[in-house]
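Given next are the chains, with one letter for each unit.
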Amino acid sequence: MSINLDNNATTRPAPEVIDAMTECLSEDWGNPSSAHRRGLSARRRVDLARDSVAKLVGCRANEIVFTSGGTEAGNLAVVGGFDRVRQSDPRRRIVIGPGTEHPAIGDAFAECVRLGGEHVTLPVGNDGLLDIDVLEELLRARGDECALLSVMWANNETGVIQPLDRIGRLCRDHGVLVHTDAVQWVGRMPCDFASLPVDLLSCSAHKFHGPKGVGALVVRSGVQVRPRALGGAQERERRGGTENVPAIAGFGVACELADSWLSADRLESMSRLRDGFERLILDSLPGVVVNGGGAPRLWNTSNLGFESTRAQFLVVVLSERGVAASGGSACASGSIEPSGVLLGMGLDPETASSSLRFSMARDTTDEELERAVEIIVDAVRAARES
Ligand code: PLP
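Read on for a plain summary of the structure.

About the criteria used
- Residues numbered from 1 in each chain as written.
- Predicted model: local features only at pLDDT ≥ 70, side-chain atom pairs only at ≥ 80, totals over all residues.
- Heavy atoms only, no water.
- Helix = DSSP H or I, 4+ residues; strand = E, 2+ residues; numbered from the N terminus.
- Rg over C-alpha atoms; globule rule 2.2 N^0.38 Å.
- Buried < 20%, exposed > 50% of the residue type's maximum accessible area, 1.4 Å probe, protein only.
- Contact = heavy atoms within 4.5 Å.
- Areas by Shrake-Rupley, 256 points an atom, 1.4 Å probe, with all protein chains shown as cover.
- Near = heavy atom within 4 Å.
- Nonpolar A, V, L, I, M, F, W, Y, C, P; charged D, E, K, R; others polar.
- Pairing = 2+ DSSP bridges.
- Axes fitted to C-alpha atoms, helices over the stretch in contact; angles between N-to-C directions.
- Phe/Tyr/Trp six-rings, centres within 6.5 Å; stacked < 30°, edge-to-face > 60°.
- Lys NZ or Arg CZ within 6 Å of the ring centre and 35° of its normal.
- Parallel < 35°, antiparallel > 145°, perpendicular 65-115°, else oblique.
- Core = buried A, V, L, I, M, F, W, Y, C linked by side-chain atoms within 4.5 Å.
- Expected span 1.5 Å × (residues − 1).
- Arc of directions from axis to C-beta.

A tally of regular secondary structure across the chain gives 13 helices and 12 strands. Over its C-alpha trace the chain gives a radius of gyration of 21 Å, about what one expects of a compact globule, namely 21 Å for 386 residues. With respect to the three principal axes, the spread of C-alpha positions in the chain is 65 × 55 × 35 Å. By the burial criterion, 56% of the 386 residues in the chain qualify as buried. Taking contacts inside the chain between residues at least 6 apart in sequence as the whole, the part at least 24 apart equals 75%. Carbon and sulfur atoms make up 50% of the accessible area of the chain, which amounts to about 16,200 Å² in all.

Here you go:
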(Lines give C-alpha, C1' and ligand atoms only; values in the text may rest on other atoms or scores of the structure.)
Protein backbone atom coordinates (compact mmCIF):
# COMPACT_ATOMS: atom_id res chain seq x y z
CA MET A 1 0.00 0.00 0.00
CA SER A 2 1.24 3.44 -0.83
CA ILE A 3 -0.52 6.71 -0.05
CA ASN A 4 0.88 9.71 -1.83
CA LEU A 5 0.48 12.85 0.27
CA ASP A 6 3.32 14.70 -1.39
CA ASN A 7 1.51 16.10 -4.41
CA ASN A 8 2.92 19.60 -3.98
CA ALA A 9 6.31 18.11 -4.86
CA THR A 10 4.89 16.50 -7.97
CA THR A 11 1.88 14.51 -9.19
CA ARG A 12 1.50 11.28 -11.11
CA PRO A 13 1.13 11.97 -14.86
CA ALA A 14 -2.41 11.14 -16.09
CA PRO A 15 -2.66 8.21 -18.56
CA GLU A 16 -4.10 10.59 -21.20
CA VAL A 17 -1.00 12.77 -20.78
CA ILE A 18 1.32 9.80 -21.25
CA ASP A 19 -0.61 8.75 -24.39
CA ALA A 20 -0.33 12.20 -25.94
CA MET A 21 3.39 12.39 -25.19
CA THR A 22 4.07 8.92 -26.55
CA GLU A 23 2.21 9.76 -29.73
CA CYS A 24 4.30 12.89 -30.19
CA LEU A 25 7.55 11.02 -29.62
CA SER A 26 6.73 8.29 -32.09
CA GLU A 27 4.77 10.26 -34.73
CA ASP A 28 4.76 14.03 -34.35
CA TRP A 29 8.48 14.33 -33.73
CA GLY A 30 9.12 17.15 -36.19
CA ASN A 31 10.56 20.57 -35.42
CA PRO A 32 7.65 23.03 -35.15
CA SER A 33 9.74 25.67 -36.93
CA SER A 34 10.14 23.51 -40.07
CA ALA A 35 8.03 24.50 -43.06
CA HIS A 36 7.36 20.94 -44.28
CA ARG A 37 4.51 18.65 -43.32
CA ARG A 38 6.20 17.01 -40.35
CA GLY A 39 7.07 20.40 -38.95
CA LEU A 40 3.54 21.68 -39.47
CA SER A 41 2.06 18.74 -37.68
CA ALA A 42 4.37 19.35 -34.68
CA ARG A 43 3.40 23.04 -34.82
CA ARG A 44 -0.26 22.01 -34.68
CA ARG A 45 0.44 20.04 -31.48
CA VAL A 46 2.02 23.10 -29.90
CA ASP A 47 -0.82 25.38 -31.03
CA LEU A 48 -3.49 23.02 -29.67
CA ALA A 49 -1.70 22.82 -26.33
CA ARG A 50 -1.37 26.60 -26.24
CA ASP A 51 -5.15 26.89 -26.63
CA SER A 52 -5.74 24.41 -23.79
CA VAL A 53 -3.36 26.23 -21.44
CA ALA A 54 -4.97 29.56 -22.34
CA LYS A 55 -8.43 28.18 -21.57
CA LEU A 56 -7.38 26.85 -18.16
CA VAL A 57 -5.54 30.02 -17.17
CA GLY A 58 -8.08 32.43 -18.69
CA CYS A 59 -5.66 34.29 -20.95
CA ARG A 60 -5.12 34.73 -24.70
CA ALA A 61 -3.12 32.08 -26.50
CA ASN A 62 -0.53 34.65 -27.63
CA GLU A 63 0.13 35.64 -24.01
CA ILE A 64 1.65 32.23 -23.25
CA VAL A 65 5.41 31.60 -23.31
CA PHE A 66 6.24 27.90 -22.93
CA THR A 67 9.20 27.29 -20.62
CA SER A 68 10.99 24.35 -19.03
CA GLY A 69 8.81 24.71 -15.92
CA GLY A 70 7.94 26.97 -13.02
CA THR A 71 11.53 27.80 -12.19
CA GLU A 72 12.35 29.14 -15.63
CA ALA A 73 9.01 30.94 -15.87
CA GLY A 74 9.61 32.65 -12.51
CA ASN A 75 13.20 33.59 -13.47
CA LEU A 76 12.02 35.06 -16.77
CA ALA A 77 9.25 37.04 -15.08
CA VAL A 78 11.37 38.51 -12.32
CA VAL A 79 14.73 39.08 -14.02
CA GLY A 80 13.31 39.68 -17.51
CA GLY A 81 10.56 41.95 -16.16
CA PHE A 82 12.95 43.91 -13.93
CA ASP A 83 15.39 44.36 -16.80
CA ARG A 84 12.76 45.83 -19.10
CA VAL A 85 11.27 48.17 -16.49
CA ARG A 86 14.71 49.49 -15.63
CA GLN A 87 15.52 50.02 -19.26
CA SER A 88 12.52 52.30 -19.71
CA ASP A 89 12.81 53.98 -16.29
CA PRO A 90 16.23 53.65 -14.60
CA ARG A 91 14.87 55.05 -11.31
CA ARG A 92 12.76 51.93 -10.83
CA ARG A 93 15.25 49.49 -9.31
CA ILE A 94 13.41 47.96 -6.34
CA VAL A 95 12.10 44.38 -6.52
CA ILE A 96 9.63 43.39 -3.81
CA GLY A 97 8.50 40.06 -2.39
CA PRO A 98 7.74 38.31 0.87
CA GLY A 99 10.48 36.23 2.49
CA THR A 100 8.38 33.10 1.96
CA GLU A 101 8.87 32.81 -1.81
CA HIS A 102 10.15 29.72 -3.61
CA PRO A 103 13.94 29.70 -4.26
CA ALA A 104 13.17 30.13 -8.00
CA ILE A 105 11.99 33.63 -7.10
CA GLY A 106 14.39 34.26 -4.18
CA ASP A 107 17.38 33.56 -6.44
CA ALA A 108 15.87 35.67 -9.23
CA PHE A 109 15.64 38.59 -6.76
CA ALA A 110 19.33 38.03 -5.95
CA GLU A 111 20.11 38.22 -9.68
CA CYS A 112 18.23 41.54 -9.91
CA VAL A 113 20.41 42.86 -7.08
CA ARG A 114 23.49 41.71 -8.99
CA LEU A 115 22.18 43.68 -11.98
CA GLY A 116 21.97 46.86 -9.89
CA GLY A 117 18.59 46.45 -8.22
CA GLU A 118 17.54 46.60 -4.59
CA HIS A 119 15.49 43.86 -2.96
CA VAL A 120 12.93 44.72 -0.30
CA THR A 121 11.59 41.75 1.65
CA LEU A 122 8.05 42.11 2.93
CA PRO A 123 7.14 40.46 6.22
CA VAL A 124 4.32 37.93 6.56
CA GLY A 125 2.20 37.45 9.67
CA ASN A 126 1.86 34.29 11.79
CA ASP A 127 -0.86 33.20 9.39
CA GLY A 128 1.51 33.43 6.40
CA LEU A 129 -0.32 36.39 4.85
CA LEU A 130 1.73 39.24 3.47
CA ASP A 131 1.65 42.40 5.60
CA ILE A 132 -0.31 44.74 3.34
CA ASP A 133 0.31 47.77 5.59
CA VAL A 134 4.06 47.46 5.05
CA LEU A 135 3.52 47.15 1.30
CA GLU A 136 1.27 50.22 1.28
CA GLU A 137 3.83 52.20 3.23
CA LEU A 138 6.65 51.17 0.89
CA LEU A 139 4.62 52.10 -2.17
CA ARG A 140 3.62 55.44 -0.65
CA ALA A 141 7.19 56.33 0.25
CA ARG A 142 9.13 54.83 -2.68
CA GLY A 143 6.52 53.70 -5.21
CA ASP A 144 8.24 55.50 -8.09
CA GLU A 145 11.45 53.55 -7.38
CA CYS A 146 9.74 50.15 -7.43
CA ALA A 147 10.07 47.98 -10.54
CA LEU A 148 8.32 44.72 -9.76
CA LEU A 149 6.60 42.70 -7.06
CA SER A 150 6.46 38.92 -7.05
CA VAL A 151 4.23 36.91 -4.76
CA MET A 152 3.20 33.25 -4.67
CA TRP A 153 -0.55 32.98 -5.14
CA ALA A 154 -0.72 29.86 -2.95
CA ASN A 155 2.27 28.85 -0.85
CA ASN A 156 3.87 25.52 -1.72
CA GLU A 157 4.50 24.54 1.91
CA THR A 158 1.41 25.80 3.73
CA GLY A 159 -1.13 26.32 0.93
CA VAL A 160 -1.78 29.85 2.29
CA ILE A 161 -3.49 31.98 -0.35
CA GLN A 162 -2.40 35.59 -0.69
CA PRO A 163 -4.96 38.35 -1.41
CA LEU A 164 -3.65 38.71 -4.95
CA ASP A 165 -6.40 41.05 -6.05
CA ARG A 166 -5.65 43.62 -3.37
CA ILE A 167 -1.88 43.31 -3.75
CA GLY A 168 -2.11 43.62 -7.53
CA ARG A 169 -4.37 46.68 -7.43
CA LEU A 170 -2.08 48.47 -4.96
CA CYS A 171 0.93 47.85 -7.18
CA ARG A 172 -0.90 48.93 -10.31
CA ASP A 173 -1.77 52.26 -8.63
CA HIS A 174 1.98 52.88 -8.44
CA GLY A 175 2.94 51.56 -11.88
CA VAL A 176 4.69 48.51 -10.40
CA LEU A 177 4.80 45.32 -12.49
CA VAL A 178 3.23 42.30 -10.73
CA HIS A 179 4.23 38.66 -11.10
CA THR A 180 2.49 35.82 -9.36
CA ASP A 181 4.06 32.41 -8.94
CA ALA A 182 0.91 30.38 -9.47
CA VAL A 183 2.69 27.02 -9.72
CA GLN A 184 0.65 25.49 -6.88
CA TRP A 185 -2.57 27.22 -7.92
CA VAL A 186 -3.07 26.60 -11.61
CA GLY A 187 -4.76 23.27 -12.31
CA ARG A 188 -6.13 23.09 -8.76
CA MET A 189 -8.08 26.32 -8.49
CA PRO A 190 -10.03 28.42 -11.00
CA CYS A 191 -7.88 31.02 -12.71
CA ASP A 192 -8.99 33.97 -14.79
CA PHE A 193 -5.85 35.83 -15.79
CA ALA A 194 -7.88 38.30 -17.88
CA SER A 195 -9.54 39.75 -14.78
CA LEU A 196 -6.54 39.59 -12.42
CA PRO A 197 -4.59 42.77 -11.68
CA VAL A 198 -1.30 41.03 -12.48
CA ASP A 199 1.02 41.29 -15.48
CA LEU A 200 2.90 38.00 -15.31
CA LEU A 201 1.87 34.56 -14.05
CA SER A 202 3.91 31.38 -13.94
CA CYS A 203 2.67 27.80 -13.83
CA SER A 204 4.05 24.27 -14.14
CA ALA A 205 2.51 21.12 -15.64
CA HIS A 206 3.83 18.54 -13.19
CA LYS A 207 1.85 19.95 -10.28
CA PHE A 208 -1.40 18.83 -11.89
CA HIS A 209 -0.76 15.48 -13.54
CA GLY A 210 1.26 16.78 -16.47
CA PRO A 211 4.92 16.04 -17.26
CA LYS A 212 7.93 17.54 -15.52
CA GLY A 213 10.16 20.00 -17.37
CA VAL A 214 7.41 22.10 -18.93
CA GLY A 215 5.48 25.15 -17.79
CA ALA A 216 4.48 28.58 -18.93
CA LEU A 217 4.90 32.23 -18.22
CA VAL A 218 1.77 34.20 -19.05
CA VAL A 219 2.77 37.67 -20.20
CA ARG A 220 -0.06 40.18 -20.47
CA SER A 221 -0.36 41.78 -23.90
CA GLY A 222 1.70 44.97 -23.97
CA VAL A 223 4.01 43.87 -21.13
CA GLN A 224 7.61 43.14 -22.06
CA VAL A 225 10.20 40.82 -20.55
CA ARG A 226 13.78 40.55 -21.70
CA PRO A 227 14.37 36.96 -22.90
CA ARG A 228 16.78 34.83 -20.86
CA ALA A 229 17.17 31.98 -23.37
CA LEU A 230 18.71 33.62 -26.44
CA GLY A 231 19.27 32.30 -29.90
CA GLY A 232 15.92 31.71 -31.54
CA ALA A 233 12.72 33.51 -32.42
CA GLN A 234 10.48 30.90 -30.79
CA GLU A 235 7.68 31.91 -28.44
CA ARG A 236 7.41 35.30 -30.19
CA GLU A 237 11.05 36.02 -29.41
CA ARG A 238 10.53 35.67 -25.69
CA ARG A 239 12.20 32.25 -25.25
CA GLY A 240 14.63 30.82 -27.77
CA GLY A 241 15.08 27.09 -28.35
CA THR A 242 13.22 24.31 -30.16
CA GLU A 243 9.98 23.61 -28.33
CA ASN A 244 9.71 20.43 -26.25
CA VAL A 245 6.73 19.24 -28.28
CA PRO A 246 5.89 16.01 -26.36
CA ALA A 247 6.02 17.80 -23.01
CA ILE A 248 3.99 20.73 -24.32
CA ALA A 249 1.37 18.34 -25.75
CA GLY A 250 1.22 16.54 -22.37
CA PHE A 251 0.86 19.91 -20.64
CA GLY A 252 -2.08 20.75 -22.92
CA VAL A 253 -3.85 17.49 -22.09
CA ALA A 254 -3.23 18.01 -18.35
CA CYS A 255 -4.87 21.44 -18.70
CA GLU A 256 -7.93 19.96 -20.40
CA LEU A 257 -8.29 17.35 -17.65
CA ALA A 258 -7.89 19.98 -14.93
CA ASP A 259 -10.41 22.20 -16.66
CA SER A 260 -13.09 19.53 -16.70
CA TRP A 261 -12.30 18.56 -13.09
CA LEU A 262 -12.67 22.19 -12.02
CA SER A 263 -16.01 22.52 -13.80
CA ALA A 264 -17.29 19.51 -11.84
CA ASP A 265 -17.35 21.71 -8.72
CA ARG A 266 -15.27 19.49 -6.46
CA LEU A 267 -13.46 22.21 -4.50
CA GLU A 268 -15.80 22.20 -1.53
CA SER A 269 -15.79 18.44 -1.11
CA MET A 270 -11.98 18.36 -1.41
CA SER A 271 -11.65 21.06 1.28
CA ARG A 272 -13.93 18.97 3.50
CA LEU A 273 -11.58 15.99 3.00
CA ARG A 274 -8.61 18.12 4.05
CA ASP A 275 -10.49 19.50 7.09
CA GLY A 276 -11.57 15.98 8.10
CA PHE A 277 -7.97 14.77 7.87
CA GLU A 278 -6.79 17.60 10.13
CA ARG A 279 -9.64 17.12 12.59
CA LEU A 280 -8.89 13.41 12.96
CA ILE A 281 -5.24 14.13 13.71
CA LEU A 282 -6.00 16.98 16.12
CA ASP A 283 -8.54 14.78 17.96
CA SER A 284 -6.08 11.88 18.25
CA LEU A 285 -2.92 13.70 19.29
CA PRO A 286 -2.07 16.55 21.68
CA GLY A 287 0.54 19.12 20.69
CA VAL A 288 -0.36 19.51 17.01
CA VAL A 289 -0.60 22.86 15.23
CA VAL A 290 -1.95 23.61 11.76
CA ASN A 291 0.58 26.02 10.26
CA GLY A 292 -1.24 28.73 8.33
CA GLY A 293 -4.54 27.38 9.66
CA GLY A 294 -5.85 30.89 10.31
CA ALA A 295 -5.65 31.95 6.65
CA PRO A 296 -7.47 30.91 3.48
CA ARG A 297 -5.64 27.83 2.13
CA LEU A 298 -5.51 25.58 -0.92
CA TRP A 299 -7.85 22.62 -0.57
CA ASN A 300 -4.99 20.15 -0.95
CA THR A 301 -2.36 21.32 1.57
CA SER A 302 -2.01 20.63 5.27
CA ASN A 303 1.12 21.69 7.13
CA LEU A 304 1.17 20.25 10.63
CA GLY A 305 3.62 20.80 13.48
CA PHE A 306 3.98 17.79 15.80
CA GLU A 307 5.47 18.98 19.09
CA SER A 308 8.55 17.04 20.30
CA THR A 309 9.28 15.30 17.00
CA ARG A 310 11.71 15.79 14.11
CA ALA A 311 10.14 16.13 10.67
CA GLN A 312 13.21 14.64 8.95
CA PHE A 313 12.84 11.50 11.01
CA LEU A 314 9.05 11.28 10.63
CA VAL A 315 9.27 11.54 6.84
CA VAL A 316 11.45 8.43 6.76
CA VAL A 317 9.27 6.47 9.21
CA LEU A 318 6.10 7.39 7.30
CA SER A 319 7.70 6.43 4.01
CA GLU A 320 8.58 3.00 5.41
CA ARG A 321 4.95 2.58 6.43
CA GLY A 322 3.60 3.61 3.03
CA VAL A 323 2.82 7.32 3.41
CA ALA A 324 4.71 9.86 1.31
CA ALA A 325 4.88 13.28 3.01
CA SER A 326 7.44 16.05 3.04
CA GLY A 327 9.43 18.04 5.57
CA GLY A 328 9.27 21.18 3.43
CA SER A 329 9.53 21.99 -0.24
CA ALA A 330 10.92 19.16 -2.40
CA CYS A 331 13.93 21.24 -3.41
CA ALA A 332 14.95 21.65 0.25
CA SER A 333 13.98 18.20 1.45
CA GLY A 334 17.60 17.02 1.68
CA SER A 335 18.34 19.88 4.03
CA ILE A 336 18.25 19.68 7.81
CA GLU A 337 17.58 23.39 8.12
CA PRO A 338 14.07 24.27 9.33
CA SER A 339 11.78 25.60 6.61
CA GLY A 340 12.39 29.27 5.72
CA VAL A 341 8.69 29.64 4.97
CA LEU A 342 7.70 28.59 8.49
CA LEU A 343 10.46 30.67 10.11
CA GLY A 344 9.25 33.62 8.02
CA MET A 345 5.81 33.14 9.59
CA GLY A 346 7.40 33.59 13.00
CA LEU A 347 7.50 29.94 14.06
CA ASP A 348 10.36 29.09 16.41
CA PRO A 349 13.01 26.78 14.90
CA GLU A 350 11.84 23.90 17.11
CA THR A 351 8.24 23.99 15.80
CA ALA A 352 9.43 24.58 12.23
CA SER A 353 11.67 21.48 12.46
CA SER A 354 8.76 19.40 13.69
CA SER A 355 6.43 20.32 10.82
CA LEU A 356 5.34 18.09 7.98
CA ARG A 357 3.55 18.93 4.75
CA PHE A 358 0.78 16.64 3.53
CA SER A 359 -0.54 17.46 0.08
CA MET A 360 -3.40 15.73 -1.70
CA ALA A 361 -4.23 15.24 -5.36
CA ARG A 362 -7.67 15.37 -6.92
CA ASP A 363 -7.91 11.56 -6.77
CA THR A 364 -7.01 11.32 -3.05
CA THR A 365 -9.78 9.43 -1.25
CA ASP A 366 -11.36 9.54 2.18
CA GLU A 367 -10.23 5.94 2.80
CA GLU A 368 -6.62 6.82 1.99
CA LEU A 369 -6.71 9.75 4.37
CA GLU A 370 -8.24 7.69 7.19
CA ARG A 371 -5.54 5.06 6.79
CA ALA A 372 -2.87 7.76 6.59
CA VAL A 373 -4.12 9.29 9.85
CA GLU A 374 -3.73 5.93 11.66
CA ILE A 375 -0.17 5.61 10.39
CA ILE A 376 0.73 9.23 11.19
CA VAL A 377 -0.74 9.04 14.72
CA ASP A 378 1.18 5.82 15.41
CA ALA A 379 4.43 7.22 14.05
CA VAL A 380 4.15 10.45 16.05
CA ARG A 381 3.34 8.58 19.28
CA ALA A 382 6.31 6.25 18.74
CA ALA A 383 8.62 9.17 17.95
CA ARG A 384 7.55 10.98 21.10
CA GLU A 385 8.01 7.87 23.25
CA SER A 386 11.48 7.28 21.91
N1 PLP B 1 7.23 27.76 -7.59
C2 PLP B 1 6.61 27.00 -6.68
C3 PLP B 1 5.65 27.64 -5.75
C4 PLP B 1 6.84 25.63 -6.62
O5 PLP B 1 6.22 24.89 -5.70
C6 PLP B 1 7.74 25.06 -7.55
C7 PLP B 1 8.06 23.60 -7.50
O8 PLP B 1 8.07 22.99 -6.46
C9 PLP B 1 8.36 25.89 -8.50
C10 PLP B 1 8.08 27.23 -8.48
C11 PLP B 1 9.30 25.33 -9.52
O12 PLP B 1 8.59 24.68 -10.53
P13 PLP B 1 9.33 23.60 -11.48
O14 PLP B 1 9.55 22.38 -10.64
O15 PLP B 1 8.36 23.36 -12.60
O16 PLP B 1 10.59 24.23 -11.95
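Time to look at the site of the ligand. Around the ligand, the structure places Gly69, Gly70, Thr71, His102, Met152, Asn156, Asp181, Val183, Gln184, Ser204, His206 and Lys207. Summarising the interface, the protein chains cover 89% of the accessible area of the ligand, which totals 390 Å² for the free molecule. Of the residues contributing to the shell around the ligand, the split by class is 2 nonpolar, 8 polar and 2 charged.

The next thing to look at is the sheet that holds strand β10 (residues 301-306). Across a sheet, paired strands are connected by hydrogen bonds in the backbone, their directions being either parallel or antiparallel. In spatial order, the strands read β9-β10-β12; together these 3 strands make up an open sheet with antiparallel pairing. Edge positions in the open sheet fall to β9 (288-290) and β12 (355-359), since each of these has one partner strand only. Between one strand axis and the next, the sheet turns by 25° as a mean value, whatever way the strands run. Here 3 bridges tie β9 to β10, and the two strands are oriented antiparallel to one another. Within the sheet, the bridge partner assigned to valine 289 lies in β10 and is glycine 305. Along the sheet, helix α9 (residues 267-284) makes contact with β9, β10 and β12, crossing β10 at roughly 10°.

On to the packing of aromatic side chains, then. Ring pairs (aromatic) are described by centroid distance and by the angle formed between their planes. Going through the model one piece at a time under the given rule, you end up with 6 aromatic pairs. Aromatic pair tryptophan 153 and tryptophan 185: ring centres 3.9 Å apart, planes at 5°, arrangement stacked. Of this pair, tryptophan 153 sits in the loop between β5 (146-152) and α6 (164-173) while tryptophan 185 sits in the loop between β6 (177-181) and β7 (200-204); the two residues are 32 residues apart in sequence, bridging distant segments of the chain. Residue tryptophan 153 is classed as buried on the basis of its relative accessible area, which comes to 7%. Overall, tryptophan 185 belongs to the buried group, its relative accessible area being 7%. Consider the rings of phenylalanine 306 and phenylalanine 358, whose centres lie 6.4 Å apart with planes at 85°: the pair is edge-to-face. Taken together, the residues phenylalanine 306 in strand β10 and phenylalanine 358 in strand β12 connect sequence positions 52 residues apart. One aromatic cluster is present, built from ring pairs that chain together Phe66, Phe208 and Phe251. If you follow arginine 220 out to its NZ or CZ, it ends over the ring of phenylalanine 193, 4.1 Å from the centre.

As for its position among the elements, glutamate 337 is in the loop between β11 (323-324) and α11 (340-344). Each C-alpha atom, one on glutamate 337 and one on proline 349, is 8.8 Å from the other, the two residues being 12 residues apart in sequence.

Further remarks concern the packing of helix α5 (residues 132-142) against α6. It is the contact of α5 with α6, at a shortest axis distance of 10 Å, that shows an interaxial angle of 10°. When the axes of α5 and α6 are compared, the pair comes out roughly parallel. Of the residues in α6, those touching α5 at Ile132, Leu135, Glu136 and Leu139 are Arg166, Ile167, Leu170 and Cys171. Looking at the contact of α5 with α6 residue by residue, the class counts come to 6 nonpolar, no polar and 2 charged.

Ranked by internal contacts, the top residues of the largest apolar core, which has 92 residues, are Leu149, Trp185, Val186, Leu201, Phe251, Phe306 and Phe358. Here the element with the most residues in this core is helix α8 (residues 245-263); it accounts for 11 residues. Those residues in contact with leucine 149 that sit more than four places away from it in its chain are Ile96, Leu122, Leu135, Ile167, Cys171, Val176, Leu177, Val178 and His179. In this structure, Leu76, Val79, Val95 and Ala108 belong to the second largest nonpolar core, which totals 21 residues.

Now for α9. With 18 residues, α9 should reach 26 Å at 1.5 Å per residue; the first-to-last C-alpha distance of 26 Å fits that figure. Within the sequence span of α9, burial applies to Met270, Leu273, Arg274, Phe277, Glu278 and Ile281. Projected down its long axis, α9 carries its buried residues within an arc of 125°, all on one side. Away from its buried face by more than 90 degrees, α9 exposes Glu268, Arg272 and Asp283.

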